[in-house]
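Remarks on the overall topology
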Amino acid sequence: MNELWDSSYVVPPVPAAAAGVAWLRSSVARFSEGDDHVRRRASVERVLSTVDPGALRRAGEPVAVLAEALGLPRSVASDVAVVASCYQPHVDVTVEADEAVARLVAACGGAWDEGTANLMGGRGPAAGAPRGLLGGVEPPVPVTRRVAPDGSVVEVDLGEAWFGGGRHACPGRAHALALVEGARAFHRMHDGFLVLPNAWDFASAAAFVRAGFGAVGTTSLGVAVAHGLPDAAGAARAETVALARVLVRLPVPVTVDVEAGFGGDVRALAAELWELGVAGVNVEDGRGSGLAEPADHARIVRAFKEAAPGLFVNARVDTHWLGVDRASTLTRARTYVDAGADGVFIPGLAEESGIAAAVAALDVPLNTLPSLPTATLRDLGVRRVSTGSLPFRAALAAAVDTARAVRSGTPTPTDLPTYPETQSLSTS
C-alpha cells in the first residue's frame, strides 16, 4: 500500500500516440508522471470543479449522468464502456475501442489535444468505481499497478484505499460516491414504506409528482392501451421507452413496467433504460394466460442486473394474478431473488396470511397492489404498494362520466385542475 505514496514507485509508462486508445493513454493524468502529471491532473480537477456532486445524485448509468452534467450527450456512455474495457496499458486495444475514442473526441469538440483527453478522463470517476459498487464489488477497483525502482511491475491492493492514494488518488471521489448515491436512491426508498403511483403519460406522472409522491412508475396496461395496443403482448416496447425518455425529466426516480421484457435482447433494453436515467423496472413471469418456466424468467432477471447493476429489478410473480399454479409462488420468488431481483411483486395476493408468509420467506422488499387497506399492508411487512392500472382506469371512467354529463345536461365536476394548472404540468 505504501507504493501509492512513495514517489519512487511510478505508473507504468505509455508511449506517445496520435490517435485511438493509445493517444488517450498517453495524454491523460492517470498514466503520466512529473510535470505532465501535474498539468493534466489540474485539467481534470478544473473539469470536475464545474460539476456539483449534489447534481449527480440521480438515477441512471453513472457515465451518462456525469456526461450530461458536463454538457455532453448521455449516449457517450456506451462508447466510454467500450474504451474502459481496454483502457489499462497492459490490456490489448480493440478496433472497436479505437473507433469509440474517435467518436468521443468528436462529442467533446473534435480536438485531439490534452484538454479533450482529460475532459474524457474526467469521466473516469463515473466508469469503473460506481459500476463496481453498484454491483456489490468491494473494493470496486481491486488493484492498481506501479513500477518499482528496480523496474519490476507490482500490483497494489486497493482494499484499504478504494480510490487510490498519493499524487494519483482519484480526483473525483466525491463525484463517484454521489453517482452511486443517486443510483441507489430508489433502492433506499424501499427501506421504509413506498406507495408508488403508476402513470401512463407525462401529464399523469407530473401530476403525481406535484401531489407529493416521491417516485413514479408506469402501468403497462395504460401505456399500451393509450396507444391502441394490447397489454402483456410485447407490443409496446417503443412506446414504453419513448415515455421513459420524457419521464426521466421529472425530479423523482422513475421505474418502468417492461412486461416480460418485450422479447428480443433484454440486455440492450436494460442498458438503454439505465442510460436514459430510469431507476428501476418491473418484469413479469406471466406469458399470456400461463407462466414462464422459473429458470427462463430468472435468466431475464439476471440479464437486467448484469447489463444495468444499478436498476432496481422488481420481479413480478403472476401466479395469483392469473390464478395459475399458486403453490409455486414462493419458489418462483426465491428463484428470481437468487438471480438478482431487488424486490418481488405479487399482484393479486390479497389474503393476510399469504402476504405475511411471503414477507417472511423473502429477504427483499415485497410489493403488492392495494388489495388491503394501506395500513394493514404496512403492518404485514409489505414495503411497496403499487397502484397498477387503477388510476388509468379511474381516469377513463371519470372522463366518460364527464362526457355523459355534458350530453345529458347534468352538472359536470367542478373540482378539476384549471387549464393553466394543467398546462403547467408540461414543465414540471
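In what follows, the structure referred to is the one given above.
Predicted, not measured: the structure shown is a model, and the values here were computed from it.

Some remarks on the state of the cysteines
For the coordinates displayed, the defined rule picks out zero disulfides. Free cysteine: Cys86, not disulfide-bonded; nearest cysteine sulfur from Cys108 at 17 Å. Not part of a disulfide, Cys170 finds its nearest cysteine sulfur in Cys108, a span of 18 Å. Residue classification places Cys170 among the partly exposed positions, given a relative accessible area of 25%.

Structural notes on the pattern of salt bridges
Summed over all chains, the structure comprises 18 salt bridges. In this structure, Glu306 engages Arg267 in a salt bridge whose closest nitrogen and oxygen atoms are separated by 2.4 Å. Of this pair, Glu306 sits in helix α13 (residues 294–307) while Arg267 sits in helix α12 (residues 266–276), and the two are 39 residues apart along the sequence. With a relative accessible area of 41%, Glu306 lands in the partly exposed category. Taking relative accessible area as the criterion, Arg267 reaches 40% and is therefore assigned partly exposed. Among the ionic pairs, Asp342 bridges to Lys305, the shortest N-O distance being 2.9 Å. Of the two residues, Asp342 is situated in the loop between α15 (329–338) and β11 (343–345) and Lys305 in helix α13; the sequence distance between them amounts to 37 residues. Of the two residues, Asp342 and Lys305, both sit in the buried class. Each member of the salt-bridge network shares a partner with another, and the members are Asp36, Arg39, Arg40 and Glu114.

Thoughts on unusual backbone geometry
Despite not being glycine, Glu259 has its phi angle at roughly 50 degrees, a positive value. In this structure, Glu259 sits in the loop between β6 (254–257) and α12. On the basis of relative accessibility, which here comes to 2%, the residue Glu259 falls in the buried class. Even without a glycine there, the phi angle at Asp325 is positive, about 50 degrees. Mapped onto the elements, Asp325 comes out in the loop between α14 (319–322) and α15.

Conventions used here
- Residues numbered from 1 in each chain as written.
- Predicted model: local features only at pLDDT ≥ 70, side-chain atom pairs only at ≥ 80, totals over all residues.
- Heavy atoms only, no water.
- Disulfide = S-S within 2.5 Å.
- Buried < 20%, exposed > 50% of the residue type's maximum accessible area, 1.4 Å probe, protein only.
- Salt bridge = Lys/Arg side-chain N within 4 Å of Asp/Glu carboxyl O.
- Helix = DSSP H or I, 4+ residues; strand = E, 2+ residues; numbered from the N terminus.

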